[in-house]
Amino acid sequence: MKSIFDKICDFLGSNQQGMLATIVWTSGSTPAPAQSKMLLDTNGNRIVGTIGGGCVEDAIMRRCAALEDKQHAVIMDFELNDDEAESGLICGGTLKVLLEPINHLQLGIYKSIATRFNTGLESVLVTQLSPDGKITKSLLDGSFNILSGNLENISIIPKTILEKYDPVLQNISGSTYITEPIEGRLPLFIFGGGHVGKAITKFSSLVGFSVTVVDDRIEFANKN
């Protein structure tokens, strides 16, 4: 099963431009966890992914469609309390959503994320949002070595971020830094490609494992 990062790469590989919505901060009960992502076209139509559905997604889709400037990012705030009961926003929590432009120029960094995610490697994605809405991204490995981008101040990354796996928002010198820890898929090896193995493979892929099936029968195996 393709990850959201694979699907983003497919979209960018077709030279399309869109908007990516990511939950970057939560408190209390929310429709979806932090780091949930939804890819939209520039007209606000959902392409893939979800950030919990319902009125929150609808508000983001409407905001995306209404944006005159699709080249800059914005952070949207939601408070899901009893005052919004008529709208269905009664989870009781609060969340922040980053709505940012995405295009083929970012294909390289998302390919790196997808590869590392699918092979079980830890990564850290740092997005710098300047006051005028421009964004720059840097990708680091689990030891905080820069793989892509030009993040100047590594010390802004909390050293415990790969232990808690929660995004961190920081305001530094007028810019907002969003640090996302990305935990790679856990590998799972299944021995035997029969009926039971097939069922386990399908289920395990759906819940996020990176599955390898081992079988000595030619009709059930390939060179990879």
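Before reading on, note that the structure itself is shown above.
Below is a short write-up of the structure. (Residues numbered from 1 in each chain as written. Predicted model: local features only at pLDDT ≥ 70, side-chain atom pairs only at ≥ 80, totals over all residues. Heavy atoms only, no water.)

A word on the sheet that holds strand β7 (residues 135-141). In spatial order, the strands read β8-β7-β6-β10-β9; together these 5 strands make up an open sheet with antiparallel pairing. Unpaired on one side and paired on the other, β8 (146-148) and β9 (168-172) mark the two borders of the sheet. Neighbour to neighbour, the strand axes of the sheet diverge by 30° on average, direction disregarded. Bridge analysis of β9 against strand β10 (residues 175-182) gives 5 bridges, and the strand direction is antiparallel. Residue pairing for β10: Gln170 is matched across the bridge by Tyr177. Along the sheet, helix α3 (residues 107-118) makes contact with β6 (123-129), β7, β8 and β10, crossing β7 at roughly 30°. (Pairing = 2+ DSSP bridges. Helix = DSSP H or I, 4+ residues; strand = E, 2+ residues; numbered from the N terminus. Axes fitted to C-alpha atoms, helices over the stretch in contact; angles between N-to-C directions. Contact = heavy atoms within 4.5 Å.)

Moving on: the packing of helix α1 (residues 4-13) against α3. Between two packed helices, the angle of one axis relative to the other and the distance separating the axes together describe the packing. The geometry of α1 relative to α3 is characterised by a closest axis approach of 9 Å and an angle of 150° between their N-to-C directions. Relative to α3, the element α1 is oriented roughly antiparallel. Our pair here, α1 against α3, has a crossing hand that is left-handed. Each of Phe5, Asp6, Ile8, Cys9, Leu12 and Gly13 in α1 lies in contact with α3, whose residues at this interface are Leu107, Tyr110, Lys111, Ile113, Ala114, Phe117 and Asn118. Of the residues assigned to the contact of α1 with α3, the class counts are 9 nonpolar, 2 polar and 2 charged. (Parallel < 35°, antiparallel > 145°, perpendicular 65-115°, else oblique. Left-handed = near helix turned anticlockwise from the far one by under 90°. Nonpolar A, V, L, I, M, F, W, Y, C, P; charged D, E, K, R; others polar.)

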